[in-house]
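Observations on the three-dimensional arrangement
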2 protein chains.
Amino acid sequence: MPATTTPIVSATNTNVASLADRRLLHETVIDQLRDLIVQGELAPETKLNERVLAEKLGTSRTPLREAIKFLASEGLVELLPNRGAAVAPLKPEKMKEVFVVLGALEALAGDLACRNASEADITEIRALHYHMLAHHARGELAQYFRYNQQIHIKFMECAGNETLAQIYRGLNAHVKRARYMANLSRERWDKAVKEHEDMLDALVKRDGVRLQTLLRDHLANKLVMVMEALAIPRVEAKQ
Amino acid sequence: MPATTTPIVSATNTNVASLADRRLLHETVIDQLRDLIVQGELAPETKLNERVLAEKLGTSRTPLREAIKFLASEGLVELLPNRGAAVAPLKPEKMKEVFVVLGALEALAGDLACRNASEADITEIRALHYHMLAHHARGELAQYFRYNQQIHIKFMECAGNETLAQIYRGLNAHVKRARYMANLSRERWDKAVKEHEDMLDALVKRDGVRLQTLLRDHLANKLVMVMEALAIPRVEAKQ
DNA sequence: CGCCCTTATTTTGCATACAAAAAGTGATTG
DNA sequence: CAATCACTTTTTGTATGCAAAATAAGGGCG
């Protein structure tokens, strides 16, 4: 609405998408590209053709390349000198590594959360927990994951360490890629829920040591699930 | 000083630096820029003027901007929408956060190293350790830091988790920035060396639990040193 | 003298242009 | 028929151009 004297759309530039958009293009592109990768629309090891992708995202190659560099630093994209870039492969070996680190980070977060979480925080986590339980009971996997994620993120928030949270988000993006292919058995699912019960209990009692242990185990179990998911599928045998 | 005379050098491109250089320009730029930031040549909160920096690094704005995006993801650079980028500020608060996370990561690495390190690895660490001792004895701070760093890096290698190592390197870059201003008191220095003695001992005995504790404490002490360094200086009060 | 508004200047953000590198393509030859 | 080489097309890497945003510089007015 503002400014607007600009009557005619002038010469060269001008993109249709520029409604009230205040964000920077390359930032939008980072998010779009990350989503494409995390949600598996761009499968692991897919080469990123700059011309095609730029067209698809409605931009030019320059912001796209900037976004690629950014995501390369996050590890979602691999740079191939003189050959562009590709979606980072999703290897079981890498997943193991990520989960080991995530275990340590979540344990740390749990410990910090036990010290720093306010009563309001705990109430909020409890609420998320019950939402999660409800979706578990109804067998709604996607919704379950959503609340599950939110609980873990809330833990991170309670830890009050933005550096920790940022690294967590980065690693979690890797895990999410894998999780989209996971088909949880009822048994494992029930177990994961049980673990969350214990975790909530430990938090309420502010038992940091126990929460750490629980989180590490929880992550280890998640790893098993992801590994199973990775072992089974591969609809198309890339490589 | 500026290009101007550039007599022939063919049509458009062609940089003198392209000897047998096989690396990609923007990768070189990433490393150069990171060094400038880590070593404090570009002080915290310095605005990165693209034209000036590109000239200084002997390239055009495009690869520079890509490098900036990469380093922004590492957290060394802050992106200011429509206002370019600046060297990330070096706040005590941030340092605290980084050290807490580093503590957890190094503890994890120590634990893993106790399981995975080969005898050859331990021999190598011992060698580095004695080099470090020698420089400590002679009061050679810079050299001491070098070997100190190498020991920590070697720990990471022994852990055999590349994901862990990568995150460590990223966080460590932040710490290094601060350390360049640290002026170690002899007392603290001696203490740090003593801690390294203990760490080596724990590794040799493969006592992962003790090593974890030692590393966490070691990091906590390092934080104190860095905080002191940050509290004192600021030679020039920017802004 | 300070403040706000207008107008230059600089700087950023994005698009495009062009050369070098890689990937195809096809014909020739052993 | 596979392999190699010359040639074409595509794709990447970097530089440059141009418009919008931000910043600096005047200039009138209280």
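Procedures and definitions
- Residues numbered from 1 in each chain as written.
- Chains lettered and ligands numbered in written order.
- Predicted model: local features only at pLDDT ≥ 70, side-chain atom pairs only at ≥ 80, totals over all residues.
- Heavy atoms only, no water.
- Helix = DSSP H or I, 4+ residues; strand = E, 2+ residues; numbered from the N terminus.
- Contact = heavy atoms within 4.5 Å.
- Pairing = 2+ DSSP bridges.
- Near = heavy atom within 4 Å.
- Polar contact = N/O pair within 3.5 Å; in protein donor to acceptor, adjacent residues only side chain to side chain.
- Expected span 1.5 Å × (residues − 1).
- Buried < 20%, exposed > 50% of the residue type's maximum accessible area, 1.4 Å probe, protein only.
- Axes fitted to C-alpha atoms, helices over the stretch in contact; angles between N-to-C directions.
- Parallel < 35°, antiparallel > 145°, perpendicular 65-115°, else oblique.
- Left-handed = near helix turned anticlockwise from the far one by under 90°.
- Nonpolar A, V, L, I, M, F, W, Y, C, P; charged D, E, K, R; others polar.
- Salt bridge = Lys/Arg side-chain N within 4 Å of Asp/Glu carboxyl O.
- 1 Å grid on protein atoms, 1.4 Å probe; cavity = no way out; pocket = protein on both sides within 12 Å on 5 of 7 lines; lining within 4 Å.
- Points joined across faces, edges and corners; volume = space filled by probe spheres on them.
- Least-squares fit on C-alpha atoms with pLDDT ≥ 70 in both.
- Phe/Tyr/Trp six-rings, centres within 6.5 Å; stacked < 30°, edge-to-face > 60°.
- pLDDT = per-residue confidence, 0-100.
- Lys, Arg positive; Asp, Glu negative; His and termini not counted.

1. Notes on the overall build of chain A
Across its full length, chain A holds nine helices and three strands. A fraction of 74% describes how many contacts in chain A between residues 6 or more apart in sequence connect residues 24 or more apart.

2. Some details on the sheet that holds strand S1 (residues 47-48) of chain B
All names here are of chain B. The three strands lie next to each other as S1-S3-S2, forming an open sheet whose pairing is antiparallel. A strand with exactly one partner marks an edge of an open sheet, and here the two such strands are S1 and strand S2 (77-79). Judged from the two bridges that link them, S1 and strand S3 (residues 85-87) form a sheet pairing that is antiparallel. Following the sheet pairing, Leu 48 is matched in S3 by Ala 85.

3. Focus: the protein's contact with DNA strand D
Near DNA strand D you find 24 residues, and of these Arg51(A), Leu25(B), Ser60(B), Thr62(B) and Arg83(B) are the closest. The share of sugar and phosphate among atoms of DNA strand D within 4 Å of the protein is 70%. At 3.3 Å, a backbone N or O of Glu50(A) approaches a phosphate oxygen of DNA strand D. A distance of 2.6 Å is found between a phosphate oxygen of DNA strand D and a side-chain nitrogen or oxygen belonging to Arg51(A). At three residues, helix H3 (residues 61-74) of chain B tops the list of elements feeding residues into the surface near DNA strand D.

4. Section: helix H8 (residues 186-204) of chain B
Structural remark: α-helix, 3.6 residues per turn; residues separated by three or four positions point the same way. Residue and element names in this part refer to chain B. Over its 19 residues, H8 runs 27 Å from end to end, which matches the ideal 27 Å to within 8%, given 1.5 Å per residue. Among the residues of H8, those classed as buried are Trp 189, Ala 192, Val 193, Glu 195, His 196, Met 199, Leu 200, Ala 202 and Leu 203. Close packing links the buried residues of H8 with helix H4 (92-116), helix H5 (119-137), helix H6 (141-159) and helix H9 (208-231).

5. A few points about the packing of helix H5 (residues 119-137) of chain A against helix H8 (residues 186-204) of chain A
Each packed pair of helices is defined by two parameters, the angle between the axes and the distance between the axes. Residues and elements named next belong to chain A. Between H5 and H8, the shortest axis-to-axis distance is 11 Å and the interhelical angle comes to 165 degrees. It follows that H5 is roughly antiparallel to H8 by the angle criterion. Our pair here, H5 against H8, has a crossing hand that is left-handed. Between H5, through Ile 122, Ile 125, Arg 126, His 129, Met 132, Leu 133, His 135, His 136 and Ala 137, and H8, the contact on the second element is made entirely by Arg 186, Trp 189, Asp 190, Val 193, His 196, Glu 197, Leu 200, Leu 203 and Val 204. For the contact of H5 with H8, a count of residues per class yields ten nonpolar, four polar and four charged.

6. Digging into the pattern of salt bridges
As enumerated under the stated definition, the model contains 38 salt bridges over all chains in all. Linking Glu74(A) and Arg34(A) is a salt bridge whose minimum nitrogen-to-oxygen distance equals 2.5 Å. A residue pair is termed long-range when its members are at least 10 positions apart, and Glu74(A) in helix H3 (residues 61-74) and Arg34(A) in helix H1 (residues 25-38) qualify at 40 residues. In this structure, the salt-bridge partner of Glu50(A) is Arg61(A), at a minimum N-O distance of 2.8 Å. On the criterion of sequence distance, the pair formed by Glu50(A) in helix H2 (residues 50-56) and Arg61(A) in helix H3 is long-range, its members being eleven residues apart. Accessibility expressed as a relative area gives 15% for Glu50(A), which makes it buried. Judged by relative accessible area, which is 45%, Arg61(A) ranks as partly exposed. Connected via shared salt-bridge partners are Glu50(A), Arg61(A), Arg65(A), Lys69(A) and Glu66(B).

7. A closer look at empty space enclosed by the protein
Evaluated as defined, the whole model comprises six cavities of 30 Å³ or more. Around the largest cavity, the lining comprises eleven residues; the ones closest to its centre are Phe145(B), Arg179(B), Leu184(B), Lys222(B) and Met225(B). For the lining of the largest cavity, the elements supplying multiple residues, two or more each, are H6 and H9 of chain B. With four residues, H9(B) is the largest single contributor of residues to the lining of the largest cavity. Residues belonging to the lining of the largest cavity are distributed by class as follows: seven nonpolar, two polar and two charged. Empty space within the second largest cavity amounts to approximately 100 Å³. Surrounding the second largest cavity, eleven residues form its lining, Phe145(A), Arg179(A), Leu184(A), Lys222(A) and Met225(A) being those nearest its centre. Looking at the lining of the second largest cavity, its residues break down into seven nonpolar, two polar and two charged.

8. Comments concerning the relation of the copies chain B and chain A
With an RMSD of 0.1 Å, the operation that places chain B on chain A is a rotation of 180 degrees combined with a shift of 0.0 Å along the axis. Those values place the two copies in the arrangement expected of a two-fold rotation axis. A shared interface surface links the copies, since 100% of the contact residues of chain B are contact residues in chain A too.

9. So, the packing of aromatic side chains
Residues and elements named next belong to chain B. In total, this model carries four aromatic pairs over all chains according to the counting rule given. Ring geometry for Tyr 144 versus Trp 189: centroids 5.1 Å apart, planes at 70 degrees, classification edge-to-face. With Tyr 144 in helix H6 and Trp 189 in helix H8, the pair connects residues that are 45 residues apart, well separated along the chain. Across this residue pair, the class does not change: Tyr 144 and Trp 189 are buried.

10. A word on the confidence of the model for chain A
Residue and element names in this part refer to chain A. The predicted model of chain A averages 87 in pLDDT, with 86% of residues at 70 or higher. In this model residues 1-21 is a low-confidence stretch, pLDDT under 50, and it forms two contacts with partners more than four residues away in sequence or in other chains. Contacts from residues 235-239, a stretch scored under 50 in pLDDT, to residues over four places away or in other chains number one contact.

11. Observations concerning the protein's contact with DNA strand C
Neighbouring DNA strand C are 25 residues, the closest being Leu25(A), Ser60(A), Thr62(A), Arg83(A) and Arg51(B). When the atoms of DNA strand C within 4 Å of the protein are sorted by group, sugar and phosphate make up 71%. One of the backbone nitrogen or oxygen atoms of Leu48(B) is found 3.3 Å away from a phosphate oxygen of DNA strand C. Residues of the surface near DNA strand C, tallied by class, amount to six nonpolar, ten polar and nine charged.

12. Some remarks on the side chain of Arg177(B)
Residue and element names in this part refer to chain B. The residue Arg 177 is located in helix H7 (residues 162-179) in this model. Of the side chains bearing the opposite charge, Glu 45 lies closest to the buried Arg 177, which forms no salt bridge; the N-O distance is 8.5 Å. Within polar-contact distance, the side chain of Arg 177 engages the backbone oxygen of Ala 88 at 2.8 Å. The contact partners of Arg 177, leaving out residues within four places of it in the chain, are Ile 37, Val 38, Pro 44, Leu 76, Val 87, Ala 88, Pro 89 and Leu 90.

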